[in-house]
Amino acid sequence: MRIVVTAKYVPDINTERGFQDCRVVRNAGEGTLNELDENAIEAALRLVEAERESGGVGPDDGEVIVVTMAGTDGDVALRKAFQLGVDRGIRVSDDALAGSDYFGTAAVLAAAVRKLGSEEPVDLVVTGMAALDGLGSVVPTLLGAELGLPTLNLAKKVELAPAGSPARMLTITREIDDVTEHLSAPLPAVLSVTDAANQPRFPGFKLIMAARTKEIEVWSSADLGLDSAVAGAAGARTETLSAAPRPERAEPEIVTDKGEGGVALADFLIRNDLV
Amino acid sequence: MTNRTVLVLLDPATEVRTSVLELLTIARGLGRVEAVALEAPTVEVLAQLGAYGIETVHQAELARDGACVSGDERHLPAVVAATLAAAVRLTDADVVLLPTSFAAKETAALAAHELGAGLVIDAAAVREVDGRIVAGKRVFAGAWDTECAVTTDVAVVTVRANSAVAQPAEAAVEPVTEGFAVEVAPSPVTLLSREVKADTSGRPPLDQAAVVVAGGRGTDGDFGPVEDLADALGAAVGASRDAAFEGWWDAYVGQTGVTVAPRVYIGAGISGAPHHRGGMQASQVIVAVNSDPEAPIFEICDFAVVGQLADVLPQAAAEIRKRRS
Ligand SMILES: Cc1cc2nc3c(=O)[nH]c(=O)nc-3n(C[C@H](O)[C@H](O)[C@H](O)COP(=O)(O)OP(=O)(O)OC[C@H]3O[C@@H](n4cnc5c(N)ncnc54)[C@H](O)[C@@H]3O)c2cc1C
Ligand SMILES: Nc1ncnc2c1ncn2[C@@H]1O[C@H](COP(=O)(O)O)[C@@H](O)[C@H]1O
């Protein structure tokens, strides 16, 4: 089982996030591995571990590779992935890729998966449900379309037919928009998992130590044989025109309940024509 | 106004949700509006579409390898996307609008991929500027407003609920339903089962409601007071993720749950964690009820009561019912 996880480096949700010149500000030291990609890494690790435990593969077989498309500071995300136990970390970096939109991002990630697949077959690509900066939730779908692979999105539960089954079917349960669905597809496939799919593990001491010095592979667009027209600002199908902070909210009216708090709340709503 | 054609997705076609009426209103500001459906619209639906000025409904006749595609499969994003792409080619449309949901994002992405179209997710406004489609978005938990222009010929845009006030057209028309053939590619994905949760609450859907009352860990599992206030206000009920993961309530508000932008959001026993704020901070008015005067939700609210929610909510509900009658 060889699994590629795509993981994004994003501004920490607990910091002041913003824009400068229509680009997201990425302050060194304030970015993290997109939390929802920890669920993707966890799902991938568990699939490989389950296969080893069941004896489907040898104790050292199976590999989880994380790919991120980012500038050099994206290494923060890869180091975190190493701490969680992934085997390889690849950063795709190139000035020509700056300003990529969803399609450009998916094209680059797809090229990286293809390159990995040319070394040795890739069985599965796992992604998070959304990047917490843009909250698009579309890169997994586009990645599947670019790779021409079946895509199972927003899994809450993931089941894989055991090694040795005639077709390795991946089955997911998803609950979205008040609809519960069971979907299945044969490997190789693209899978995105939600934050309800699992509880990401805490890194162990040994892995934390090892992660500091573990090698990060850096690939350029030339390494991926990418056509420069698909990615970067030049290939983007949207152009950001403006980005402005919203005006601050006025000071809130705060009432401490001394027996009349509910009446005050009702009064606020009625007085402001909100009922 | 240009002679642009705008397609609006109508799925299902058995009801017109408020979010679709809002879309139709936004779409009329961009050009000639037509609807795309995967099943026959009902008579009531046609009447509503007519009131909103829709003259044509394109109804897909789905086929795969010569066999008809029917039932639940029709709602799979790949099938809906193939339909939208075919409808764009048929009508030479310039813009496709969908109401935002997780399924719609998948559909929009696939349709845009097939059409080579530009894609905007979660727009709060769509307008034309100098011949280009420009979408407004609220990002970073509602802290920033951004605008982006689509640079391709075709634009696919998902639009958040409550982005516009639904407004019928000046003059009603009689819509005509026209069939069109859609060839669906064979799919390696099998739909084993699909179940739509029946909603018997009589409350508006959480993602579209004008008023939302949400309960968190502070309810300690008792959503009675939350439901009581919601019903007094005709509101939808939501939860924090912690409350939902405890099994106290189904649907939760936030970055990984449902994004809401109602006129009024009332959070009770919810601390206001960044992940939660990301899904509700674009609300017009934010009200909090929390026993801790230091709760972070107070930083983003307009009105707050520091107190026990089990006391405050029922009293507010009773007062509203009293002053209404
Ligand atoms: C990747 C990721 C994604 C997430 N996505 C989401 C999301 O989409 N939505 C979401 O909500 N969360 C999400 N979370 C979880 C989020 O970080 C918080 O843990 C969660 O929102 C907290 O829920 P809460 O406010 O109900 O609980 P708490 O933070 O425990 O707050 C409970 C509040 O209730 C108050 N309280 C207690 N008793 C009473 C009483 N009797 N009367 C009045 N007030 C009382 C307390 O003062 C406190 O402020 C996510 C987390 C992660 C890691
Ligand atoms: N630049 C990137 N590098 C690696 N993975 C990414 C990148 N952007 C998006 N992804 C993956 O796609 C998922 C969804 O992202 P999005 O569609 O942007 O919300 C994330 O959870 C990641 O797994």
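Residues numbered from 1 in each chain as written. Chains lettered and ligands numbered in written order. Predicted model: local features only at pLDDT ≥ 70, side-chain atom pairs only at ≥ 80, totals over all residues. Heavy atoms only, no water.

By the naming in an unreviewed UniProt entry, chain B goes by Electron transfer flavoprotein subunit alpha/FixB family protein and is assigned to Promicromonospora umidemergens. The Cofactor (unreviewed entry) field of the UniProt record for chain B holds the comment "FAD". The heading Sequence similarities (unreviewed entry) in the UniProt record of chain B holds the text "Belongs to the ETF alpha-subunit/FixB family." (UniProt positions renumbered as here; feature names shortened; annotations may be inferred.)

Going by what an unreviewed UniProt entry lists, chain A is known as Electron transfer flavoprotein subunit beta and is assigned to Promicromonospora umidemergens. Taken from UniProt, the Function (unreviewed entry) comment for chain A reads in full: "The electron transfer flavoprotein serves as a specific electron acceptor for other dehydrogenases. It transfers the electrons to the main respiratory chain via ETF-ubiquinone oxidoreductase (ETF dehydrogenase)."

K.L.:
Account for the overall build of chain B, naming residues and giving values.
P.N.:
Tallying secondary structure elements over chain B gives eight helices and 17 strands in all. Here chain B has a C-alpha radius of gyration of 21 Å; the compact-globule value for 325 residues is 20 Å, and the two agree. Principal-axis analysis of the C-alpha atoms places the extent of chain B at approximately 60 × 45 × 40 Å. Partitioning the intrachain contacts of chain B with sequence separation of at least 6 by distance along the chain shows that 65% fall at a separation of at least 24. For chain B, the accessible surface area stands at approximately 12700 Å², while carbon and sulfur atoms represent 48% of it. Considering chain B, the positive charge centre built from 24 side chains and the negative charge centre built from 42 side chains are found 4 Å apart. (Helix = DSSP H or I, 4+ residues; strand = E, 2+ residues; numbered from the N terminus. Rg over C-alpha atoms; globule rule 2.2 N^0.38 Å. Contact = heavy atoms within 4.5 Å. Areas by Shrake-Rupley, 256 points an atom, 1.4 Å probe, with all protein chains shown as cover. Lys, Arg positive; Asp, Glu negative; His and termini not counted. Charge placed at Lys NZ, Arg CZ, Asp CG, Glu CD.)

K.L.:
So what about the interface of chain A and chain B? Which residues, and what values?
P.N.:
Contacts between the two partners involve 76 residues from chain A, matched on the other side by 83 residues from chain B. For the pair chain A and chain B, the summed buried area comes to about 6800 Å², and 60% of that belongs to carbon and sulfur atoms. The interface formed by chain A and chain B includes seven salt bridges. The tally of links between chain A and chain B comes to 42 residue pairs in polar contact (both at pLDDT 80 or more). Examining the composition of the side of chain A that touches chain B, we find that ten residues originate from one element, helix α7 (residues 261-271) of chain A, more than from any other. In terms of residue class, the side of chain A that touches chain B is built from 39 nonpolar, 19 polar and 18 charged. (Buried area = accessible area lost by both parts, 1.4 Å probe. Salt bridge = Lys/Arg side-chain N within 4 Å of Asp/Glu carboxyl O. Polar contact = N/O pair within 3.5 Å; in protein donor to acceptor, adjacent residues only side chain to side chain. Nonpolar A, V, L, I, M, F, W, Y, C, P; charged D, E, K, R; others polar.)

K.L.:
Quick one: what's the story with the UniProt feature "domain: Electron transfer flavoprotein alpha/beta-subunit N-terminal" (unreviewed entry) in chain B, residue by residue and with numbers?
P.N.:
According to UniProt, the positions carrying the feature "domain: Electron transfer flavoprotein alpha/beta-subunit N-terminal" (unreviewed entry) are residues 5-195 of chain B. Its end C-alpha atoms 34 Å apart, residues 5-195 of chain B is made of 26% helix and 38% strand.

K.L.:
Could you give an account of the confidence of the model for chain B, with specific residues and numbers?
P.N.:
This prediction gives chain B a mean pLDDT of 95; 99% of its residues lie at or above 70. Reported confidence for the predicted complex is 0.94 by ipTM and 0.95 by pTM. (pLDDT = per-residue confidence, 0-100.)

K.L.:
Residue-level account of the environment of Asp75 of chain A, with values.
P.N.:
Residue and element names in this part refer to chain A. Residue position: Asp75 is located in helix α2 (residues 75-84). On a C-alpha basis, the gap between Asp75 and Tyr9 in space is 8.2 Å, while along the polypeptide they are 66 residues apart. For Asp75, the contacting residues outside a window of four places in its chain are Arg91 and Ile216.

K.L.:
Just give me the short version of the pattern of salt bridges, but keep the residues and values in it.
P.N.:
Per the counting criterion, the structure on display carries 40 salt bridges over all chains. Measuring nitrogen to oxygen at the nearest pair gives 3.3 Å for the salt bridge that ties Arg271 of chain A to Asp267 of chain A. Here Arg271 of chain A pairs with Asp267 of chain A, and both are found in helix α7, just four residues apart, close to one helical turn. Arg271 of chain A sits in the partly exposed class, given a relative accessible area of 46%. For Asp267 of chain A, a relative accessible area of 27% puts it in the partly exposed group. Of the charged contacts in the structure, one is a salt bridge between Arg217 of chain B and Glu246 of chain B, with a shortest N-O distance of 3.0 Å. Taken together, the residues span a long stretch of sequence, with Arg217 of chain B in the loop between β13 (211-215) and α5 (224-233) and Glu246 of chain B in the loop between α6 (241-245) and β15 (264-268) at a distance of 29 residues. (Buried < 20%, exposed > 50% of the residue type's maximum accessible area, 1.4 Å probe, protein only.)

K.L.:
Before we move on, can you summarise α5 of chain B with the specific residues and values?
P.N.:
Listed as buried for α5 of chain B are Pro225, Val226, Leu229, Ala230, Ala232 and Leu233 of chain B. The arc enclosing the buried residues of α5 of chain B, seen along the axis, measures out at 160°, which places them on a common side. Buried residues belonging to α5 of chain B abut α7 of chain A together with β13, β14 (236-239), β15 and α8 (309-324) of chain B. Where α5 of chain B terminates, the next one or two residues include Gly234 of chain B, which has phi positive at roughly 65°. (Arc of directions from axis to C-beta.)

K.L.:
Tell me about the sheet that holds strand β6 (residues 63-69) of chain A, and name the residues and values.
P.N.:
All names here are of chain A. The sheet built from seven strands is open, its strands ordered β9-β13-β8-β1-β6-β7-β14 with parallel pairing. Sheet topology places β9 (151-155) and β14 (216-219) at the edges, where each strand pairs with a single neighbour. Pairs of neighbouring strands in the sheet enclose a mean axial angle of 20°, with direction left out of account. In the sheet, strand β1 (residues 2-6) pairs with β6 via five bridges, with the strands oriented parallel. By the bridge assignment, Val4 is partnered in β6 with Ile65. The sheet contacts of helix α1 (residues 35-53) involve β1, β6, β8 (124-128) and β13 (189-193), and relative to β8 the element is tilted by about 150°. (Pairing = 2+ DSSP bridges. Axes fitted to C-alpha atoms, helices over the stretch in contact; angles between N-to-C directions.)

K.L.:
Pulling in residues and values, what's your account of the site of ligand 2?
P.N.:
All names here are of chain A. The immediate surroundings of ligand 2 are formed by 19 residues, with Thr6, Asp37, Ala131, Ser137 and Val139 found nearest. Here an oxygen atom of ligand 2 and a backbone polar atom of Ser137 are 2.8 Å apart. Between an oxygen atom of ligand 2 and a main-chain N or O atom of Val139, the distance comes to 2.8 Å. Relative to its free-state accessible area of 480 Å², ligand 2 is covered by the protein chains to the extent of 97%. Counting residues per element, the ones that place at least two in the shell around ligand 2 are β6, α3 (102-119), β8 and α4 (139-147). Counting residues per element, the shell around ligand 2 draws most heavily on β6, at three residues. Tallied by class, the residues present in the shell around ligand 2 amount to nine nonpolar, eight polar and two charged. (Near = heavy atom within 4 Å.)

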